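The primary structure of each chain is shown beneath.
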Amino acid sequence: MSSSKKINSALISVYYKDNLEPVIKKLNELGVTIYSTGGTQTFIEELGAPVKSVEGLTSFPEILGGRVKTLHPKIFGGILGRRELDTDVAQMEQHEIPTIDLVIVDLYPFEETLASGASEEDIIEKIDIGGISLIRAAAKNFNDVVIVASRNDYGSLLSLLNEKKGSTDISDRKTFAAKAFAMSSYYDSAIFNYFNASEQLPVLRNSINSGTVLRYGENPHQKGVFYGDMDAMFEKLNGKELSYNNLLDVDAAVNLMADFKGEPTFAILKHNNACGIASRPKLIDAWKDALAGDPVSAFGGILITNTEIDFETAEEINKLFCEVVIAPSYQPNALAILKSKNNRIILVQKPVELPQKQIRTLLNGIVEQDRDSVSEIHENLQTVTNVAPTEAQIKDLLFANKLAKHTKSNTVVLAKNNQLLASGTGQTSRVDALRQAIAKANTFGFDLNGAVMASDAFFPFADCVEIAHKVGINTVIQPGGSIKDKDSIEYCNAKGMSMVFTGTRHFKH
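Rules used throughout
Residues numbered from 1 in each chain as written. Predicted model: local features only at pLDDT ≥ 70, side-chain atom pairs only at ≥ 80, totals over all residues. Heavy atoms only, no water. Helix = DSSP H or I, 4+ residues; strand = E, 2+ residues; numbered from the N terminus. Rg over C-alpha atoms; globule rule 2.2 N^0.38 Å. Buried < 20%, exposed > 50% of the residue type's maximum accessible area, 1.4 Å probe, protein only. Contact = heavy atoms within 4.5 Å. Areas by Shrake-Rupley, 256 points an atom, 1.4 Å probe, with all protein chains shown as cover. Lys, Arg positive; Asp, Glu negative; His and termini not counted. Charge placed at Lys NZ, Arg CZ, Asp CG, Glu CD. Pairing = 2+ DSSP bridges. Expected span 1.5 Å × (residues − 1). Phe/Tyr/Trp six-rings, centres within 6.5 Å; stacked < 30°, edge-to-face > 60°. Lys NZ or Arg CZ within 6 Å of the ring centre and 35° of its normal. Core = buried A, V, L, I, M, F, W, Y, C linked by side-chain atoms within 4.5 Å. Patch = residues over 30% accessible without salt bridge, like charges linked within 9 Å, V, L, I, M, F, W, Y side chains within 5 Å. Salt bridge = Lys/Arg side-chain N within 4 Å of Asp/Glu carboxyl O. Arc of directions from axis to C-beta. Polar contact = N/O pair within 3.5 Å; in protein donor to acceptor, adjacent residues only side chain to side chain.

Student: Help me understand the overall build of the protein chain in this model?
Tutor: Along the protein chain, the regular secondary structure elements total 19 helices and 23 strands. Radius of gyration (C-alpha) of the protein chain: 31 Å, far over the 23 Å computed for a compact globule of 509 residues. Projected onto its principal axes, the C-alpha positions of the protein chain cover 95 × 50 × 40 Å. Sorting the 509 residues of the protein chain into buried and exposed places 47% on the buried side. Long-range pairs, those at least 24 residues apart, make up 56% of the contacts in the protein chain between residues at least 6 apart in sequence. As displayed, the protein chain has an accessible area near 24,900 Å², and 51% of this comes from carbon and sulfur atoms. Between the centroid of the 52 positive side chains of the protein chain and the centroid of its 62 negative side chains there is a distance of 5 Å.

Student: How should the pairing of strand β23 (residues 498–501) be read in this particular structure?
Tutor: For a regular strand, side-chain orientation follows a simple rule: the groups alternate between the two sheet faces. What you see with β23 is no split at all: S498 and V500 on one side and M499 and F501 on the other are buried throughout. Bridge analysis of strand β18 (residues 382–383) against β23 gives 2 bridges, and the strand direction is antiparallel. Residue T383 lies in a different strand from β23, and its bridge partner there is V500. For strand β22 (residues 475–478) and β23, the ladder comprises 4 bridges, and the chain directions are parallel. In the strand pairing of β23, T475 is matched with S498.

Student: Hey, could you run me through helix α12 (residues 244–257) in this one?
Tutor: Over its 14 residues, α12 extends 20 Å from the first C-alpha to the last, a length consistent with the 20 Å expected when each residue adds 1.5 Å. The buried count for α12 comes to 10 of 14 residues, which makes it a mostly enclosed element. Within α12, the full set of buried residues consists of N246, L247, D249, V250, A252, A253, V254, N255, L256 and M257.

Student: Can you walk me through the packing of aromatic side chains in this structure?
Tutor: Aromatic ring pairs are defined here through the distance separating the ring centres and the angle between the ring planes. Summed over the entire model, instances satisfying the criterion amount to 8 aromatic pairs. Measuring from ring centre to ring centre gives 5.8 Å for F110 and Y194, while their planes differ by 75 degrees; the resulting arrangement is edge-to-face. Pair noted here: F110 is in helix α6 (residues 110–115) and Y194 is in helix α10 (residues 170–199), with a separation of 84 residues, a long-range link. We classify Y194 as buried; its relative accessible area is 18%. An angle of 70 degrees between the planes, with centres 5.5 Å apart, marks the rings of F260 and F399 as edge-to-face. Taken as a pair, F260 in the loop between α12 and β11 (265–270) and F399 in helix α16 (residues 391–405) lie far apart in primary sequence, 139 residues in all. Looking at F260, the relative accessible area reads 5%, which means it is buried. Three or more aromatic residues link up through ring pairs in this structure, and these residues are F110, Y187, Y194 and F195. Directly above the ring of Y16 sits R151, whose terminal nitrogen or CZ lies 3.7 Å from the centroid. Here K402 stacks its cationic end above the ring of F260, 5.0 Å away from the centre of that ring.

Student: Quick question: what am I supposed to make of the nonpolar core here?
Tutor: As a rule of thumb, nonpolar side chains are buried together in soluble globular proteins. Core analysis: the largest hydrophobic core is formed by 37 residues, its most contacted members being I326 and L403. With residues near it in sequence (within four places) discarded, I326 still touches F234, V250, A253, I302, L303, I304, T305, L347 and Q349.

Student: I tried to follow a nonpolar patch on the surface on my own but got confused; where do I start?
Tutor: On the surface, a cluster of nonpolar side chains totalling about 400 Å² of accessible area is made up of I208, V213, V225 and Y227. As for its placement among the helices and strands, Y227 is situated in strand β9 (residues 225–227).

Student: Which parts of the structure should I look at to understand helix α19 (residues 485–495)?
Tutor: In an α-helix there are 3.6 residues to a turn, and that puts residues three or four apart on one side. The set of residues buried in α19 consists of D485, S488, I489, Y491 and C492. Summarising the axial view, the buried residues of α19 lie within an arc of 160 degrees, below the 170-degree limit, and thus occupy one face. Residues of α19 that are exposed and point more than 90 degrees away from the buried face comprise K486 and A494. The secondary structure elements touched by the buried residues of α19 are α18 (463–470), β22 and β23.

Student: Looking at this model, I keep getting lost on the sheet that holds strand β4 (residues 52–53). Mind explaining?
Tutor: Within a sheet, each strand pairs with its neighbour through backbone hydrogen bonds, oriented either parallel or antiparallel. Sheet architecture is open: 5 strands sit in the order β4-β3-β2-β5-β6, paired in parallel fashion. What marks the edges here is a single partner per strand, and that holds for β4 and β6 (146–148). Inspection of the sheet shows strand β3 (residues 33–36) paired to β4 by 2 bridges, in the parallel sense. Note that in β4 the partner of S36 across the bridge is S53.

Student: In this structure, what is going on with the pairing of strand β16 (residues 357–362)? I would like to understand it.
Tutor: Of the pairings in the sheet, the one linking β16 to strand β17 (residues 365–370) comprises 6 bridges and is antiparallel in character. Pairing of Q358 across the sheet is with Q369, part of β17. Count of turn residues in the β16/β17 antiparallel hairpin: 2 residues, of which L363 carries a positive phi of about 50 degrees.

Student: I tried to follow the pattern of salt bridges on my own but got confused; where do I start?
Tutor: A side chain with one charge may pair with a side chain of the opposite charge, provided their charged atoms come close. Within the structure shown, the criterion is met by 20 salt bridges. Its salt-bridge partner being R82, residue D88 comes within 2.6 Å of it at the nearest N-O pair. Residue D88 is classed as buried on the basis of its relative accessible area, which comes to 12%. Measuring nitrogen to oxygen at the nearest pair gives 3.0 Å for the salt bridge that ties E316 to K319. Residue E316 is classed as partly exposed on the basis of its relative accessible area of 24%. You can call K319 exposed: its relative accessible area is 65%.

Student: Whenever I open this one, unusual backbone geometry confuses me. Can you help?
Tutor: Phi is mostly negative for residues that are not glycine, and the peptide bonds are mostly trans. Following S409, the chain continues into N410 via a peptide bond in cis, with omega recorded as -10 degrees. Counting through the fold element by element, N410 comes out in the loop between α16 and β19 (412–415). Even without being glycine, E96 reaches a positive phi, approximately 55 degrees. Following the sequence through the fold, E96 ends up in the loop between α5 (86–94) and β5 (102–105). Phi at Q200 takes a positive value of approximately 60 degrees, unusual for a residue other than glycine. By the element assignment, Q200 lies in the loop between α10 and β8 (211–213). Taking relative accessible area as the criterion, Q200 reaches 55% and is therefore assigned exposed.

Student: Just checking my understanding: could you explain the environment of K236 for this structure?
Tutor: Within the secondary structure layout, K236 lies in strand β10 (residues 234–238). A residue is classified by how much of its surface remains accessible, and K236, at 36% relative accessible area, is partly exposed. Sequence separation between K236 and I326 is 90 residues, and the spatial gap between their C-alpha atoms is 9.5 Å. What K236 contacts, discounting residues up to four positions off in sequence, is E241, I345, I346 and L347. For K236, the side chain forms a polar contact with the main-chain oxygen of G239, separated by 2.7 Å. One polar contact links the side chain of K236 to the main-chain carbonyl oxygen of K240, over a distance of 3.5 Å.

It is worth stressing that arrangement in space is one thing and function is another; only the former is reported here.
Next comes the structure, spelled out in structure tokens:
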């Protein structure tokens, strides 16, 4: 393959004209012949640069309401013709096909049209045919042709034109080709996912255009990359870059807080699990009671709240070393205090809808599932014991159940007065999870009398309700569904305990 090649001719046909002007002027300065169509041709003419129409080259008009403009052998021959293959050169000369060395083309805004709520007819019309074909053709023939498939690359192209005076090397062209195929595959994936929303074919197409290389993965010897648009999710106000482990914790924190609306709530997370959380009328009280849940684990944790952080609360937070603080907003004087630690990551969470599908690698493939979007309310609860919980207990039961949903299985959560007292997390048995929670609550001086117990899955035996009752817990929430539910119910009835079933299991692995 040849290396350095001079750009003598270009085809330019774009939907977006942003930042295109300096490129046009540079190409004109270099004496490059420009071919164009429609609105792009008019744009170039208004800049005072000479331009030839595609119709003049093909001797064929634009037809079908613009659906067919550039799909012609004189265009694709000029792009795909191999300059060093004598037979290709001879055929191009025979059919009077000029070579095209640079293609600048973007695609109709399919995703933007879909997001706007447009009609199906309008959405279908934004499926690009000519543009995607030009991109693939030019990228395939990167040995001879430069392809620029995104307005985001106009700056790179302009720098290259200035630096190399209108010439490009094979490495330049191959880089642009890789970007072009990334763009075309992303575009096709978006179209497929639109159609598959109704067809539900068992096929996965997940394409993300932006990626951020992380310092490392879960451990320093592992490489890590985040694929996604973090700027759409957060505004970063302070601190170092988020690490792989930070991202896992932030994800867990955001999902947890999504289930807590209304009353000011503060949560502290460590290794994807809440070690403290409380809901209170005042944010400062929510913070203090969240921290009281486990002041040891809170060190180096991830903090999140559903309420603007005020000065008083920021002063208290600042006494603790924490990695990340997340809130919908910050009072200016509160932000100034939190920024006093240079490495502390401070994020403003934007109102972005989270994906409804979850994907993870598994064995030699990928598994996909629906997001667990079920969050129980009072009406979902079925009282299965002779004694029914009081309104205050129901409030605590729902609070604890939300925590169980967002805690690693097996888990048992103990709560009282909208405060996490302790949880057993990631245990191999439910009894172990309960015992861990009780021991932790005792360590931090909590009185379990009057507390409630929540479990992410059913109790296979009556042992958990028996252990709970012995430490003063008389109210339980669980999914139910065990063949031995009757044993737990009978024990609760015998001891005057109340228990409700939700009918929904919340495993989290």
